[in-house]
Amino acid sequence: MQTTRISSKGQIVLPSSIRAAKAWRPGQTLAVVSTEDGVLLKPVKAFGASRIEDVAGCLRYKGPAKSVAEMRDAVDAEAKRRRK
């Protein structure tokens, strides 16, 4: 078992072996959940689920209309590009 300390600012350092095992990089957002046994840290997904109907019209596009499948493919491709 590894240990860490709470700083005077309320910060903790996660051991590098744990960060590496979880593939957590600087800037990773973590949800902090209080449990009966202690505290649980869970990674927060960068993009939540959404429906095309909820976001239709929010982006500027000039050209022929795109199908829902083409729009989903474009959104997926951009999300993957941003995660790299």
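Calculation criteria
- In this convention, every chain numbers its residues from 1, walking through the sequence in written order.
- Totals for whole chains, interfaces and linings use every residue, but because this is a predicted model, local features are given only for residues with pLDDT of at least 70 and side-chain atom pairs only at 80 or more, for both listing and counting.
- The basis for every side-chain value is the complete set of non-hydrogen atoms in the structure, without hydrogens or water.
- Segments assigned H or I by DSSP are reported as helices when at least four residues long, segments assigned E as strands when at least two residues long, and all are numbered from the N terminus.
- Each residue's exposure class comes from its accessible area (1.4 Å probe, protein chains only) as a fraction of the maximum for that residue type: buried when under 20%, exposed when over 50%, partly exposed otherwise.
- Note on definitions: a residue-residue contact is assigned when non-hydrogen atoms from the two residues lie within 4.5 Å.
- For this count, His and the chain ends are skipped, Lys and Arg are scored as positive, and Asp and Glu as negative.
- Charge positions are represented by NZ for Lys, CZ for Arg, CG for Asp and CD for Glu.
- Any two strands with at least two DSSP-identified bridges between them are counted as paired.
- The predictor attaches a confidence to each residue, called pLDDT, with possible values from 0 through 100.
- Here, a salt bridge means any side-chain nitrogen of Lys or Arg that lies within 4 Å of a carboxyl oxygen of Asp or Glu.

### Re the overall build of the chain
Phase 1 of the analysis: Looking only at helices and strands, the chain has 3 helices and 2 strands in total.
Phase 2 of the analysis: Seen along its three principal axes, the alpha-carbon backbone of the chain occupies a region of about 60 × 25 × 20 Å.
Phase 3 of the analysis: Expressed as a percentage of the 84 residues in the chain, the buried residues total 6%.
Phase 4 of the analysis: If you take every contact in the chain between residues at least 6 apart in sequence, the share linking residues at least 24 apart comes to 10%.
Phase 5 of the analysis: Measuring between centres, the 17 positive side-chain charges of the chain sit 10 Å from its 8 negative side-chain charges.

### Some words on the environment of Leu 41
Phase 1 of the analysis: Take Leu 41: it is sitting in strand S2 (residues 39-43).
Phase 2 of the analysis: As a C-alpha pair, Leu 41 and Ala 31 span 10 residues in sequence and 5.7 Å in three-dimensional space.
Phase 3 of the analysis: Those residues within four positions of Leu 41 in sequence are excluded, and the remaining contacts are Leu 14, Trp 24, Leu 30, Ala 31 and Val 32.

### A short note on unusual backbone geometry
Phase 1 of the analysis: Not every positive phi belongs to a glycine, and Ala 23 is a case in point at roughly 60°.
Phase 2 of the analysis: Along the polypeptide, Ala 23 turns up in the loop between helix H1 (16-22) and strand S1 (30-34).
Phase 3 of the analysis: For Ala 23, a relative accessible area of 46% corresponds to the partly exposed category.

### Some remarks on the pairing of S1
Phase 1 of the analysis: In this sheet, S2 lies alongside S1 in antiparallel orientation, the contact comprising 5 bridges. The residue bridging Ser 34 from the neighbouring strand is Val 39, located in S2.
Phase 2 of the analysis: Two successive antiparallel strands, S1 and S2, enclose a turn made up of 4 residues, where Gly 38 displays a positive phi of approximately 155°.

### Section: the confidence of the model for the chain
Phase 1 of the analysis: Model confidence for the chain is summarised by a mean pLDDT of 89, while 100% of its residues fall at 70 or above.
Phase 2 of the analysis: The weakest mean pLDDT in the chain belongs to helix H2 (residues 52-55) at 79; the strongest belongs to S1 at 95.

### Things to note about the pattern of salt bridges
Phase 1 of the analysis: Summed over the entire model, instances satisfying the criterion amount to 2 salt bridges.
Phase 2 of the analysis: Across the salt bridge formed by Glu 78 and Arg 81, the nearest N and O atoms sit 2.5 Å from each other. Remark: Arg 81 and Glu 78 occur in helix H3 (residues 68-83); sequence separation between them is 3 residues, near one turn of the helix.
Phase 3 of the analysis: Taking relative accessible area as the criterion, Arg 81 reaches 52% and is therefore assigned exposed.

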